[in-house]
Amino acid sequence: MLNILILLKMYASVIVDIVNSEVDKIFEYSLNGLNVELGSRVSVPFGYKNIEGIVIGLSERAVFPIEKIKPITAILDDEPVLTKEGVKLAKYIQKKYFVPLALSLRLFLPTELRRGQVKAKVEKFCKLSNKPFEEMISEIKANASNQKGILERLCQTELVKQSLLANDFGISSVNALLKKGFIEVVEVQGYREPYKELNEQKKEIVLTEKQEEAINAVLSTDKMVTLLHGVTGSGKTEVYLELISRAIASGKTAIMLVPEISLTPQMLRQLRARFKDIAAILHSGLSKGERFDEWWRLKTGKAKIAIGARSAIFAPLENVGIIIVDEEHDSSYLSESSPRYSTIDLAKFRAKENNAKIVLGSATPSVDSYLLAKNGEYNLIELPERINKQPLPEIITVDMRTEVRRGNNTPFSYALREEIKNALDKQNQVIIFLNQRGYSKNVICTECGEPIKCKDCDVSLTYHMENESLLCHYCGAKYKMVKACPNCGSKYIRYGGFGTQRVVMELQNLFPNAKILRMDRDSTQNKEGHVKILESFAKREADILVGTQMIAKGHDFPLVTLVGILDADMSLHFSDFRSNERTFQLITQVAGRSGRAKEKGKVVVQTYSPDNFVLKKALAYDYKGLFEREISLRKATGFPPFSDIVRILITTKDEEKTAEVTKELYSKLKTIYESKKEEFSFFGCMKAPLKKLQGKFRYQILMRINKNNQDLLDKIYEISLKYGDRNVGVFVEENPTNLT
Ligand code: ADP
Ligand code: ZN
Ligand code: ZN
């Protein structure tokens, strides 16, 4: 007999599911003879009770004194919930974004899985036992026709739901057969399928030469990332689908990211038409059961394509072949709550681990990405024309200052009204865009000129028609509409600016016969809300769709020939360094909804600054022109992508305390600044533009530092986070998407 000494893995390093800086460390447990693997979800003794944890390492020897190590209580799933890659990525996020590992691990699991909130749906099916069929039939009494019926049904169909048999033949007959051992119950994991109604035939499409070229370029380049810069309607989506198809054909899996939940159904529809049930959707709007099932389908390899908004980057897929980020410029790819990760950054990590390709697609790439492409770090592909050489819609601007002078105080210019009328006369559809939900933007006292503000936030309230309420769009607080100004008591209060509700009302007055739909956050409270409105508009059940951001992106409505943009320059006046870029993106995106089929589209842009450079570039579809100017501006001023912006946000309930902590932290950081001035292009501290939010006062320390300086960043994090506690919020944000 051979004596082989095998070093058995005896101990597991476990991260317990508590997000708390004091518990943010590894606890060791012994395996207790259980088949624990890396990434397993386990139950472990912690204090006086058992809690959940994830195994992030296994070893032969313990680091802790052995007598202190307790055994793992149980394994909670049939297989590890995290892959090896997942564990690695979780650690990367912990390091890079300075968050507890427990928090970064949570990103990988559907919340329903944690603490066993939702279980797999088990369905009972019946099947025949192994006894010879004729024998069973002969043993059944002549008058037991229901039992016979069951046996015959199961002879035709191998598995039939027990409840269905009970319904058709009576539960007593089912039980009788079970008792005799003629039939057996099999438990099958049920599937709660989201968006069941989204099932369509695949469109037969022959890829254009340009599309073929694009696909080949992605596959043949040795660069990991390809930037696909294609105008709206240039057939990018078909390129994505084909790339996914090739990945699947070669035995790999795919991740498809879209910027918004409202865009997932239409992408799912296209994926299902092509790939049937190997496409799974992940997002927070699904029911718990649906999300649980979709996640497990991906985890167990039943589904191979994950589609979703940014969090789908955590899809539990192995052997990923391609990651697609549609509308890559979209700010939703940067998470705004802790951990504040960049989706593209994580995509790069996963692509490297899997040796996969990344495609970033956009009609208006972020200047950051386009610069990387121009510098050769990304592979660049351009699709400058729409499919079938369909012209891009003509964009015209209307100077709203003139309109106001002419006494027009409706949301619509004369020109836009005419165009809407023309479109409706021709039975075409119209989209009206404005970035303001509610009835009026604000409510202002005509005596003292003060807007009515939220008690907890330094922002004006928006009037909503439902229950005549005033809503704070920042904290969600709801107030009753005021009868008098809380500031001076005056009764003369007016509505300022227009929101989607008001626009729908005014449109209905102008075009009493038109059917109008509204899509904004208020009209789409549940996940079906999005789909219903979009489907209804697509089916031509309405003539006009009025909406916010939500309708700006991605949607493909062939009958839309006119798009009206009511407040084009709204974002131009933000103090954010990205506002030029954003405005250009928004106008191009919204304009792109027009004229996507046979008839040429038109876009009417209403503005108070018609001579603005950004607007002019947008009208001319001159992305490169915008890019060149923007990039030289950023270079001259030392803004990203030539630097990294770091903002440290300090918030407390007490203004003095906020100022005090800010001052202390500022002077601490100043010593770093003093010793490394060459690393900084800006260093300062001030009140945040939004001075108060949810009852907390907000101050900030702002800096611009040389790019990719991880050491310096680490130091800033380390020093800053120490100032945070239960009462003091300290948040470090790298290149935040908004600096409010
Ligand atoms: P993008 O994603 O660039 O906005 P899409 O992929 O949605 O563009 O394509 C725009 C329209 O053109 C869609 O209706 C799509 O079905 C159609 N289309 C795309 N590629 C082809 C093709 N090769 N032949 C015919 N129609 C196509
Ligand atoms: Zn508020
Ligand atoms: Zn007043």
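A brief structural summary. These numbers come from a predicted model, not from an experiment. (Residues numbered from 1 in each chain as written. Chains lettered and ligands numbered in written order. Predicted model: local features only at pLDDT ≥ 70, side-chain atom pairs only at ≥ 80, totals over all residues. Heavy atoms only, no water.)

Strand pairs in the sheet, formed through backbone hydrogen bonds, run parallel or antiparallel to each other. Taken together, the 3 strands give an open sheet; going across it, the order is β8-β7-β9, and neighbouring strands pair in antiparallel fashion. Sheet topology places β8 (160–161) and β9 (183–189) at the edges, where each strand pairs with a single neighbour. Here strand β7 (residues 122–128) pairs with β8 via 2 bridges, running antiparallel. Within the sheet, the bridge partner assigned to F125 lies in β8 and is K161. (Pairing = 2+ DSSP bridges. Helix = DSSP H or I, 4+ residues; strand = E, 2+ residues; numbered from the N terminus.)

The next subject is the coordination of the zinc ion (ligand 2). For the zinc ion (ligand 2), the full set of protein donor atoms is C454 (SG), C457 (SG), C472 (SG) and C475 (SG), and the range of their distances to it is 2.3 Å. Around the zinc ion (ligand 2), the 4 donor atoms sit at angles spanning 104 to 111°, and that spread fits a shape best called tetrahedral. For the zinc ion (ligand 2), all donor residues lie on one chain, and their spacing in sequence is C-x2-C-x14-C-x2-C. Here C454, found in the loop between β19 (442–445) and β20 (462–464), pairs with C475, found in the loop between β21 (469–471) and β22 (478–480); they are 21 residues apart in sequence, far enough to count as distant. We classify C454 as buried; its relative accessible area is 5%. The class of C475 is partly exposed, set by a relative accessible area of 24%. (Donors = N, O, S within 2.8 Å, 3.2 Å for Na, K, Ca; no water. Tetrahedral: all angles 85-135°; square planar, octahedral: opposite > 155°, others 65-115°. Buried < 20%, exposed > 50% of the residue type's maximum accessible area, 1.4 Å probe, protein only.)

Here we take up the coordination of the zinc ion (ligand 3). Binding of the zinc ion (ligand 3) to the protein goes through C445 (SG), C448 (SG), C485 (SG) and C488 (SG), at separations of 2.3 to 2.4 Å. Geometry at the zinc ion (ligand 3) is tetrahedral, judged from its 4 donor atoms and the angles of 104 to 115° they form at the metal. Read in sequence order, the donor residues for the zinc ion (ligand 3) give the motif C-x2-C-x36-C-x2-C. On the criterion of sequence distance, the pair formed by C448 in the loop between β19 and β20 and C485 in the loop between β22 and β23 (493–496) is long-range, its members being 37 residues apart. Looking at C448, the relative accessible area reads 30%, which means it is partly exposed.

Looking now at the pattern of salt bridges. Scanning all chains against the criterion turns up 38 salt bridges. Of the charged contacts, one joins E353 and K88 as a salt bridge, the two residues approaching to 3.1 Å between their closest N and O atoms. Residue E353 is found in helix α11 (residues 343–354), and its partner K88 is found in helix α1 (residues 84–97); the two are separated by 265 residues along the sequence. Classification of E353 by relative accessible area gives partly exposed; the value is 35%. Each member of the salt-bridge network shares a partner with another, and the members are E212, E238, E242, R246 and R274. (Salt bridge = Lys/Arg side-chain N within 4 Å of Asp/Glu carboxyl O.)

The next thing to look at is the environment of L101. Tracing the sequence through the fold places L101 in helix α2 (residues 101–106). For L101, a relative accessible area of 4% puts it in the buried group. Along the sequence, L101 and I26 sit 75 residues apart, while their C-alpha atoms lie 9.2 Å from each other. With near-sequence residues (within four places) excluded, L101 lies in contact with I15, D24, I56, A90, K91 and Q94. (Contact = heavy atoms within 4.5 Å.)

Looking now at the site of ligand 1. The full set close to ligand 1 counts 17 residues, and K203, V206, G233, T237 and D556 are the nearest of them. One of the backbone N or O atoms of G235 is found 3.1 Å from an oxygen atom in ligand 1. Between an oxygen atom of ligand 1 and a side-chain N or O atom of R596, the distance comes to 3.3 Å. Computed on the free molecule, ligand 1 has an accessible area of 560 Å², of which 80% lies beneath the protein chains in the complex. (Near = heavy atom within 4 Å. Polar contact = N/O pair within 3.5 Å; in protein donor to acceptor, adjacent residues only side chain to side chain. Areas by Shrake-Rupley, 256 points an atom, 1.4 Å probe, with all protein chains shown as cover.)

If you look at the biggest cluster of nonpolar residues, it comprises 107 residues, and the most contacted ones within it are I323, L545, I565, I648, L669, I701 and M703. Residues contacting I648, with those up to four places away along its chain left out, are L665, L669, Y699, Q700, I701, M703, I716, S720, V730, F731 and V732. I244, L263, A279 and V531 belong to the second-largest nonpolar core, a separate cluster that totals 34 residues. (Core = buried A, V, L, I, M, F, W, Y, C linked by side-chain atoms within 4.5 Å.)

Burial along strand β25 (residues 544–547) is two-sided: I544 and V546 and L545 and G547, pointing in opposite directions, are all buried. Where strand β18 (residues 429–433) and β25 come together, 4 bridges link them in parallel fashion. Paired with I432 across the bridge in β25 is V546.

Turning our eyes to something else, we now look at the sheet that holds strand β3 (residues 41–46). Taken in spatial order, the 6 strands line up as β5-β2-β1-β4-β3-β6 in an open sheet, and their pairing is mixed. Strand pairing shows two members of the sheet lacking a second neighbour, β5 (70–71) and β6 (74–75), which therefore form its edges. Looking at chain direction, strand β2 (residues 27–30) and β5 are connected through 2 bridges and run parallel. Its bridge partner being in β5, S30 is matched across the sheet by P71.

This next bit is on the packing of helix α20 (residues 655–675) against helix α21 (residues 710–721). Following both chains from N to C, one finds α20 and α21 inclined at 155°, their axes separated by 10 Å at the closest point. The angle between the axes of α20 and α21 places the two elements in the roughly antiparallel class. Like other packed secondary-structure pairs, α20 and α21 cross with a definite hand, here right-handed. Packed against α20, whose contacting residues are L665, K668, L669 and I672, the element α21 presents L712, K715, I716, I719 and S720 at the interface. Within the contact of α20 with α21, the residues separate by chemical class into 6 nonpolar, 1 polar and 2 charged. (Axes fitted to C-alpha atoms, helices over the stretch in contact; angles between N-to-C directions. Parallel < 35°, antiparallel > 145°, perpendicular 65-115°, else oblique. Left-handed = near helix turned anticlockwise from the far one by under 90°. Nonpolar A, V, L, I, M, F, W, Y, C, P; charged D, E, K, R; others polar.)

Another aspect to go through is the environment of K663. Note that K663 resides in helix α20. For the pair K663 and Y492, spaced 171 residues apart in the sequence, the C-alpha separation amounts to 42 Å.

The next point concerns α1. Here α1 spans 20 Å end to end across 14 residues, near enough to the 20 Å set by a 1.5 Å rise per residue. All buried positions along α1 are accounted for by E85, G86, V87, L89, A90, I93, K96 and Y97. Elements in contact with the buried residues of α1: β4 (49–59), α2, α11, α21 and β31 (729–734). Positioned one or two residues after α1, F98 has a phi angle of 50°, which is positive. (Expected span 1.5 Å × (residues − 1).)

All right, on to helix α8 (residues 236–249) then. One turn of an α-helix holds 3.6 residues; hence residues three or four places apart share an orientation. With 14 residues, α8 extends 20 Å from end C-alpha to end C-alpha; this agrees with the ideal 20 Å at 1.5 Å per step. Extensive coverage of α8 is indicated by the burial of 10 of its 14 residues. For α8, the full list of buried residues reads K236, E238, V239, Y240, L241, E242, L243, I244, A247 and I248.

The geometry of helix α4 (residues 145–156) relative to helix α5 (residues 162–169) is characterised by a closest axis approach of 10 Å and an angle of 140° between their N-to-C directions. Comparing the axis directions of α4 and α5 gives the class oblique. In the packing of α4 onto α5, the handedness of the crossing is right-handed. Mapping the contact onto sequence places N146, G149, I150, R153 and L154 in α4 and L164, L165, D168 and F169 in α5. Among the residues making up the contact of α4 with α5, the classes are represented as 5 nonpolar, 2 polar and 2 charged.

Another aspect to go through is the packing of aromatic side chains. Overall, the coordinates contain 20 aromatic pairs when judged by the stated rule. Residues Y92 and F349 carry aromatic rings whose centres are separated by 4.7 Å and whose planes lie at 35° to one another, so their mutual orientation is tilted. You can see Y92 sitting in helix α1 and its partner F349 sitting in helix α11, a full 257 residues away along the chain. For Y92, a relative accessible area of 25% translates into the label partly exposed. Chaining the aromatic ring pairs together yields one cluster made of Y370, F584, Y623 and F627. For the cation-ring pair, R629 lies above F613, with the distance from its terminal atom to the ring centre recorded as 3.7 Å. (Phe/Tyr/Trp six-rings, centres within 6.5 Å; stacked < 30°, edge-to-face > 60°. Lys NZ or Arg CZ within 6 Å of the ring centre and 35° of its normal.)

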